[in-house]
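What follows is each chain in one-letter form.
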Amino acid sequence: MTGPLRPPSAVGRDDSPHGPAGSNPGAGVLANFDARNPGPLAAPVLPRPRFSGLTGADRIRARLDALDTDTRRGAVRLLVLVALLPLLAVLATKAVRLSHGFGLAMVYGPAVLTGTLCLLYAAYSRYDDPAVRELRRRPRDHASFPALPERPRVSFLLAVKDERDHIEACVRSMAAVDYPDLQIVVVDDASEDGTGELLERVAPELGIALIRLEDNVGKKAALVRACEVADGDVLLFTDSDCVVAPDAVTHCVAALVRHPELGAVSGHCRALNADSSLLARVQDVWYEGQFRISKAAEASFGSVSCVSGPLAAFRREAILNYLPAWAQDTFLGAPFRFATDRQLTGYVLGQAWCGKALKERHADSPFVRDHDHPERAWQVGYTRSARVWTRVPSRPGSFLRQQIRWKKSFIRNLFFTGSFMWRRGLAPAALYYGHALWVLAAPLLVARHLIWAPLHLAGLLTLLYLCGVVLKGCVWGLAYRVDHPTDRAWRYRPLMSLLSCCVLAWLLPYAALTLRRSIWSRSAS
């Protein structure tokens, strides 16, 4: 469990310059503001932890941190294995049953359980926060990667369209971060609801460089416009419905400076509006697991497949040459405006194999012509200590539209990242292709268990399938409970598993059939 966040009123610093005056324009106005109901010229109050005080888990972690590195790592592995023993026993029982039959139904359960065990073991026994301590496993040639300055300049970039209700909370949180050498660039992508006028009003106060576009160009192209004026060694992106913790930028930069082989790192995201509805609370717990477990497992092998948009930090030289390919990405013969996070991460992961061809394709672009950086086998990580909160959809309609966009991004990126991930090693390939196979097979498995089985009077098969889904959700929920011992929100995690099974699995075929429909909006209402 990570420590409690400092109250916003305690983090504003007048000695943290963002501009020539040497003062932080966003600090000093952080009190008495509710990010869920922003007023004029106010700044965001960050979500408070739902618990306080030390727990038994805190004391165990404190004792582990007091041990020397090798002893601590051995003790952590032992504790994780002991915690996973019940699941290992269940898996052993299922493996014995496989000897009596080898059908799809018999294989599916053990395969899912094995995948879950591998994720949990990697996330809890192998993951280290790169902003907090040196990674235990680094590439042999990590010393050959160019080092960043001790305090690199950071360009904090944001593209926005029609977010008048939430944009002020976002940009004020950006301006209030405690990192000293910061450039903030915001691009208004032809908003029609007054977002641009609001930004023009607060930009001088917060020291923001504002670019207003007359024509809508889409999120990727708008962010590339921001990159045209960005001069930072680190390019850091966030979304217009997010609120960033004051120390988030510092943690992202620390991870990149400490580990020159990292070309990008993802922050840790939770729901800002978790109390707005049951659906939002379910997503909040789900987000925690997707970052704390899934991204941590991928990060333990240096191959996070998606540096998520709410807080995405990239080394300049890792992505600069590939921004034209990103902005002009096409799929099935048409411009593809989704896959923003996954595709940009893919350029970092795969440039050692695909980078040269991509640069040749866009050789006339100033991003390639003026700064030709060598292709490198970058690592991609995740820092749990860099916190950000995003507004999640609180209503079913907006939630389903968001999930369809994400499914489209998954399909498109599978044809790019999937073409080279096998080159990054056995473990990263197993995590990536295993997840992809599970997503692709989900509609077929759901149809078999929820439609075919009842029609053939095999209701017991349907019941066993749903029980397995709930069991998996409970396992993820218990993992949440381990990290947050006094937070009862873990109970919502099985609901997300049922939602994924009964509803979200059906969206993949629909997303595949509507790939060319592309509208970007971040409304979470």
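Residues numbered from 1 in each chain as written. Predicted model: local features only at pLDDT ≥ 70, side-chain atom pairs only at ≥ 80, totals over all residues. Heavy atoms only, no water.

> Sorry if this is basic, but what is going on with the overall build of the protein here?
Within the protein one finds 17 helices and 10 strands. Summarising the internal contacts of the protein: among those between residues at least 6 apart in sequence, 80% fall at separations of at least 24. (Helix = DSSP H or I, 4+ residues; strand = E, 2+ residues; numbered from the N terminus. Contact = heavy atoms within 4.5 Å.)

> Could you clarify how one ought to interpret the packing of aromatic side chains in this entry?
Aromatic ring pairs: the centre-centre distance and the angle between the two ring planes describe each pair. Within the structure shown, the criterion is met by 14 aromatic pairs. Ring geometry for phenylalanine 291 versus tyrosine 382: centroids 6.4 Å apart, planes at 45°, classification tilted. Here tyrosine 382 lies in strand 10 (residues 379-390) and phenylalanine 291 lies in helix 8 (residues 278-299), a separation of 91 residues in the sequence. Note on accessibility: phenylalanine 291 and tyrosine 382 belong to one class, buried. Across the ring face of tyrosine 124, the terminal group of arginine 292 is positioned such that the distance to the ring centre comes to 4.2 Å. Geometry around phenylalanine 291 places lysine 295 over its ring, the cationic atom sitting 4.9 Å from the centre. (Phe/Tyr/Trp six-rings, centres within 6.5 Å; stacked < 30°, edge-to-face > 60°. Buried < 20%, exposed > 50% of the residue type's maximum accessible area, 1.4 Å probe, protein only. Lys NZ or Arg CZ within 6 Å of the ring centre and 35° of its normal.)

> Would you mind going over helix 16 (residues 493-502) with me for this structure?
Think of an α-helix as turning once every 3.6 residues; residues three or four places apart then point the same way. Listed in full, the buried residues belonging to helix 16 are Arg493, Pro494, Met496, Ser497 and Cys501. Buried residues in helix 16, looked at end-on, bunch into an arc of 155°, giving them a common side. Against helix 8, helix 13 (396-416), helix 14 (426-455) and helix 15 (459-483) lie the buried residues of helix 16. (Arc of directions from axis to C-beta.)

> Would you mind showing me how to read the packing of helix 8 against helix 16 here?
Packed helix pairs are characterised by how far apart their axes lie and by the angle those axes make with each other. Their axes nearest at 8 Å, the elements helix 8 and helix 16 cross at an angle of 95°. Accordingly, the angle class assigned to the pair helix 8 and helix 16 is roughly perpendicular. For the pair helix 8 and helix 16, contact is made by Leu278, Leu279, Val282, Val285, Trp286 and Gln290 and by Arg493, Leu495, Met496 and Leu499, respectively. Across the contact of helix 8 with helix 16, the residue classes break down as eight nonpolar, one polar and one charged. (Axes fitted to C-alpha atoms, helices over the stretch in contact; angles between N-to-C directions. Parallel < 35°, antiparallel > 145°, perpendicular 65-115°, else oblique. Nonpolar A, V, L, I, M, F, W, Y, C, P; charged D, E, K, R; others polar.)

> Even after reading the chapter, I still don't get the sheet that holds strand 4 (residues 234-237), so can you show me in this structure?
Backbone hydrogen bonds hold the strands of a sheet together, and the pairing may be parallel or antiparallel. Taken together, eight strands build an open sheet; the order of strands is 3-2-1-4-7-6-10-5 and the sheet is mixed. On the outer flanks of this sheet lie strand 3 (208-213) and strand 5 (242-244), each paired with one strand and no other. Across the sheet, the axes of successive neighbouring strands diverge by a mean angle of 30°, strand direction being ignored. In this structure, strand 4 lies alongside strand 7 (residues 312-315), joined through four bridges in antiparallel fashion. Paired with leucine 235 across the two strands is phenylalanine 314, which belongs to strand 7. (Pairing = 2+ DSSP bridges.)

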